[in-house]
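Observations on chain architecture
So you can see what is in the structure, the chains are spelled out below.
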Amino acid sequence: MDYFLAFDNAYMNLGLQDIMLQVSANPAKGARVGADFHMFSTVSDPKDFYGDDSDVETTIGMELDLWLKFAIAKAVMTTIGFSVMDFAELEKRPVYSHLIKTTKWGWVQFMVTI
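Overview of the structure. Source: prediction; values computed, not measured. (Residues numbered from 1 in each chain as written. Predicted model: local features only at pLDDT ≥ 70, side-chain atom pairs only at ≥ 80, totals over all residues. Heavy atoms only, no water.)

Some thoughts on the overall build of the protein
Helix and strand counts for the protein come out as 3 helices and 5 strands. Reading the helices (α) and strands (β) of the protein from amino to carboxyl end gives β-β-α-β-β-α-α-β. Residues classed as buried in the protein amount to 29% of the 114 residues present. Just so you have it, the protein exposes about 7,500 Å², and 61% of that area is on carbon and sulfur atoms. (Helix = DSSP H or I, 4+ residues; strand = E, 2+ residues; numbered from the N terminus. Buried < 20%, exposed > 50% of the residue type's maximum accessible area, 1.4 Å probe, protein only. Areas by Shrake-Rupley, 256 points an atom, 1.4 Å probe, with all protein chains shown as cover.)

This is the structure:
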């Protein structure tokens, strides 16, 4: 997961902390829906590495994942999802504001049991 931080050299080697809350339910037989909330931050305080006048913050951003999981065959589980990543803290700083914006994407995952 530390490759998540590779987008910016200022965050490299500071580690990644992911505080996560997950809620899910079974609305129908064989189906599961859920929402995962992530709050990403660095493990180490950037000021320890870059000094007190650094514009690098500990908070990186938040992500919300909404998903639906169901079986399409006995050995194939499918998950369809939609995610939103908000880099609120990074967007506040002029040095990053033109590079990092709130990002949204959809995704599909297949898990095959052999």
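Re the layout of surface pockets
To find the voids left in a structure, one rolls a probe of water-molecule size over its atoms. For the largest pocket, the calculated volume is near 160 Å³. Lining the largest pocket, in full, are D36, E63, D65, W67, K69, T79, S83, W105, W107 and Q109. Of all elements in the fold, only β3 (59-73), β4 (76-86) and β5 (103-112) reach the threshold of two or more residues within the lining of the largest pocket. No other element matches the 4 residues that β3 contributes to the lining of the largest pocket. Residue composition of the lining of the largest pocket, by class: 3 nonpolar, 3 polar and 4 charged. (1 Å grid on protein atoms, 1.4 Å probe; cavity = no way out; pocket = protein on both sides within 12 Å on 5 of 7 lines; lining within 4 Å. Points joined across faces, edges and corners; volume = space filled by probe spheres on them. Nonpolar A, V, L, I, M, F, W, Y, C, P; charged D, E, K, R; others polar.)

Focus on the packing of aromatic side chains
This structure, assessed with the given rule, holds 0 aromatic pairs. The ring of W67 carries K69 above its face, with NZ or CZ at 5.6 Å from the centroid. (Phe/Tyr/Trp six-rings, centres within 6.5 Å; stacked < 30°, edge-to-face > 60°. Lys NZ or Arg CZ within 6 Å of the ring centre and 35° of its normal.)

Quick word on the side chain of T42
Tracing the backbone through its elements, the reader meets T42 in the loop between β2 (31-41) and α1 (46-50). Note on T42: relative accessible area 2%, which makes it buried. A polar atom in the side chain of T42 sits 2.7 Å from the backbone oxygen of S44. (Polar contact = N/O pair within 3.5 Å; in protein donor to acceptor, adjacent residues only side chain to side chain.)

A closer look at a nonpolar patch on the surface
A surface patch of nonpolar side chains, about 770 Å² in accessible area, is lined by I19, L21, V23, F37, M39, M62, L64, L66 and F82. Elements with a contribution of two residues or more to the nonpolar patch: β1 (17-28), β2 and β3. For V23, the position within the fold is in strand β1. According to the relative accessible area criterion, V23 is exposed, its value standing at 52%. (Patch = residues over 30% accessible without salt bridge, like charges linked within 9 Å, V, L, I, M, F, W, Y side chains within 5 Å. Salt bridge = Lys/Arg side-chain N within 4 Å of Asp/Glu carboxyl O.)

Looking at the sheet that holds β2
Strand order in the open sheet made by the 5 strands is β1-β2-β3-β4-β5, with antiparallel pairing throughout. Of all strands in the sheet, those with a lone pairing partner are β1 and β5, marking the two edges. Ignoring strand direction, the axes of neighbouring strands in this sheet form an average angle of 15°. Relative to β3, β2 is paired through 11 bridges, and the arrangement is antiparallel. From the neighbouring strand, G34 faces β3, where its bridge partner is W67. (Pairing = 2+ DSSP bridges. Axes fitted to C-alpha atoms, helices over the stretch in contact; angles between N-to-C directions.)

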